[in-house]
Structures are given as structure tokens and as C-alpha cells.
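# Observations on chain architecture
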Amino acid sequence: MTATPDARPRGTRLPRLARRRQLLGAAQEVFVAQGYHAAAMDEIAERAGVSKPVLYQHFPGKLELYLALLDEHAEGLVQHLRDALASTPDNKLRVQRTIEAFYDFVAGEGEAYRLVFESDLRNVAAVRARVDRTNQQCAEMIAQVIQEDTGVSSDEAHLLGMGLVGMAEVSARYWLSQRGKISKDQAEHLIARLQWRGIGGFPRTT
């Protein structure tokens, strides 16, 4: 197989965790560029600068490799959002930082957001379950804050949380697709202002 232009040189022995990180990085490049179905384990191995047996020592198949990447980036988004919500008791700032968390994720290096938000593998149960769980976790964290501060029911708070998550995700992806027509700071401010004018209308009970 002919090496791709970005293939890494072979021959360097790495500790297991470092090798796993290298393989995941190569896989991300291929999955993002080509989608799951067109990606080949041969190309991922070549890009990482390893043999296929080495790749299979770490990941028994292409799906397992994809799921490992999906888990990593989905967990990263959830943690980023958790940190944003915990960073301040001021709910207006929480809205702003929640939006920033999604925009940071979408604008992040390597286009990892495509694995979570634009996967061509959503019809696979394991992928769909992970994506759904990520959305649920994000919505539940926001819903908890809403319910604690407003006294709305759990179901109502969860619906509001899911709506805010959806707005953040879709607007962030749209902003990125516009290739700089609006600055990141301006886009975040606009959407945060829209969200705050909505959720800020619910009276606080605490």
C-alpha cells in the first residue's frame, strides 16, 4: 500500500498508552476526512506509521476504534459543560459559558465534533446510544440548575435543558459552516443573549 502524504514514519517503539493515543489520533484524521464507511484500517495503520497487527493489538476492529474515539470526545464535551456550569453561581454567566463550551467543542482541533454530532453511523445501536447519552447528560446537568432555581417540574426542566442543548449545538455547527462571517465571540454572545432572554424569564424560587 502506498503511504499517504501524512503517514508517520515506522519503527519507533512507544509505551502502550502513548501508542494508543497515536492510533486514536490517526483514526480521527481518517474518520473525519472520509466517514466511517469509507475509512480503512490499512490507511489508519499507515497514517499512524504502524503495521496492521499493531493496530489490531489495541483495537480488535474498526467499530471498536470508532467507539473509543466517540467515547473520548463525548466525555470531553460533557466534562467541558460540567466545568462551565460549576464555574460560577451567576446564571447569566452560566448560560454564556455553556454556549462557549459547545462553540469551543465545535471549533476544536481535528473536527472531533463530527464524530459526536455528524456521525454517519447513527444507525448502529452502540453509536446511537452513546450520542443519545451525551445529549441526555448535557441536558440533565442544565435541567438540574433550572429546576433548583425555578421550581419547575423535572420533566419541564429536562425539556428546557434539551432545548438549550439543541440550540447550542445546532447554532455552533451552523456558525462554523459560515467560515468566519461572524466571529466566534460575537456568535457566542448572540446565542447566549437569546437563551438568557428566554430562560431568564422564569422566576427564581431560591
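Fair warning: this is a prediction, and the values are worked out from it, not measured in the lab.

Let us now look at the overall build of the protein chain. Regarding its fold elements, the protein chain presents nine helices and zero strands. Going from N to C terminus, the protein chain has its helices and strands arranged as α-α-α-α-α-α-α-α-α. Along the longest, intermediate and shortest principal axes, the C-alpha atoms of the protein chain span 65 × 35 × 30 Å. Taken over 206 residues, the protein chain has a buried fraction of 43%. Pairs at least 24 residues apart make up 69% of the contacts formed inside the protein chain by residues separated by at least 6 positions. In the structure as shown, the protein chain presents an accessible area of about 11,100 Å², 53% of it carried by carbon and sulfur atoms.

This next bit is on the nonpolar core. F31, I44, L55, L65, Y66, F102 and F117 are the most contacted members of the largest nonpolar core, which totals 56 residues. Looking at this core, the element that brings in the most residues is helix α4 (residues 62-86), giving ten residues. Contacts of F102, omitting those with residues within four sequence positions, involve L77, L81, F117, C138, V165, A168, E169 and A172.

A separate point is unusual backbone geometry. At E111, a position not held by glycine, the phi torsion is positive, near 55 degrees. Relative to the helices and strands, E111 resides in the loop between α5 (91-107) and α6 (113-117). Even without glycine at this site, R179 takes up a positive phi of about 55 degrees. Secondary-structure assignment places R179 in the loop between α8 (154-177) and α9 (184-199).

Our focus in this paragraph is the environment of S177. Within the element layout of this structure, S177 appears in helix α8. Once the C-alpha coordinates of S177 and L121 are considered, the two residues, 56 residues apart in sequence, prove to be 21 Å apart. A distance of 2.6 Å separates a polar side-chain atom of S177 from the backbone oxygen of Y174.

Contact geometry of helix α1 (residues 16-34) with α4 gives a least axis separation of 10 Å together with a crossing angle of 95 degrees. In terms of orientation, α1 and α4 fall into the roughly perpendicular class. Together, R20, R21, L24, A27, Q28 and F31 of α1 and K62, L65, Y66, A68, L69, E72 and H73 of α4 make up the contact between the two elements. For the contact of α1 with α4, the per-class residue count stands at seven nonpolar, two polar and four charged.

Let's shift gears to the packing of α8 against α9. Relative orientation of the contacting elements α8 and α9 amounts to 160 degrees, with a least axis distance of 11 Å. Here α8 lies roughly antiparallel to α9, going by the angle between them. When you trace α8 past α9, the crossing you get is right-handed. Facing α8, whose interface residues are L160, L164, M167, A168, S171 and W175, α9 presents K184, A187, I191, L194, Q195 and I199. Broken down by class, the residue content of the contact of α8 with α9 amounts to nine nonpolar, two polar and one charged.

This part is about the side chain of H73. Mapped onto the elements of the fold, H73 is located in helix α4. For H73, a relative accessible area of 14% corresponds to the buried category. Aside from chain neighbours lying at most four places away, what touches H73 is Q28, F105, A112, L115 and V116.

Mapped onto this numbering, the UniProt entry annotates "domain: HTH tetR-type" (unreviewed entry) at residues 17-77. When the span residues 17-77 is considered, its composition is 80% helix and 0% strand, and the gap between its end C-alpha atoms is 22 Å.

So, how was this worked out
- Residues numbered from 1 in each chain as written.
- Predicted model: local features only at pLDDT ≥ 70, side-chain atom pairs only at ≥ 80, totals over all residues.
- Heavy atoms only, no water.
- Helix = DSSP H or I, 4+ residues; strand = E, 2+ residues; numbered from the N terminus.
- Buried < 20%, exposed > 50% of the residue type's maximum accessible area, 1.4 Å probe, protein only.
- Contact = heavy atoms within 4.5 Å.
- Areas by Shrake-Rupley, 256 points an atom, 1.4 Å probe, with all protein chains shown as cover.
- Core = buried A, V, L, I, M, F, W, Y, C linked by side-chain atoms within 4.5 Å.
- Polar contact = N/O pair within 3.5 Å; in protein donor to acceptor, adjacent residues only side chain to side chain.
- Axes fitted to C-alpha atoms, helices over the stretch in contact; angles between N-to-C directions.
- Parallel < 35°, antiparallel > 145°, perpendicular 65-115°, else oblique.
- Nonpolar A, V, L, I, M, F, W, Y, C, P; charged D, E, K, R; others polar.
- Left-handed = near helix turned anticlockwise from the far one by under 90°.
- UniProt positions renumbered as here; feature names shortened; annotations may be inferred.

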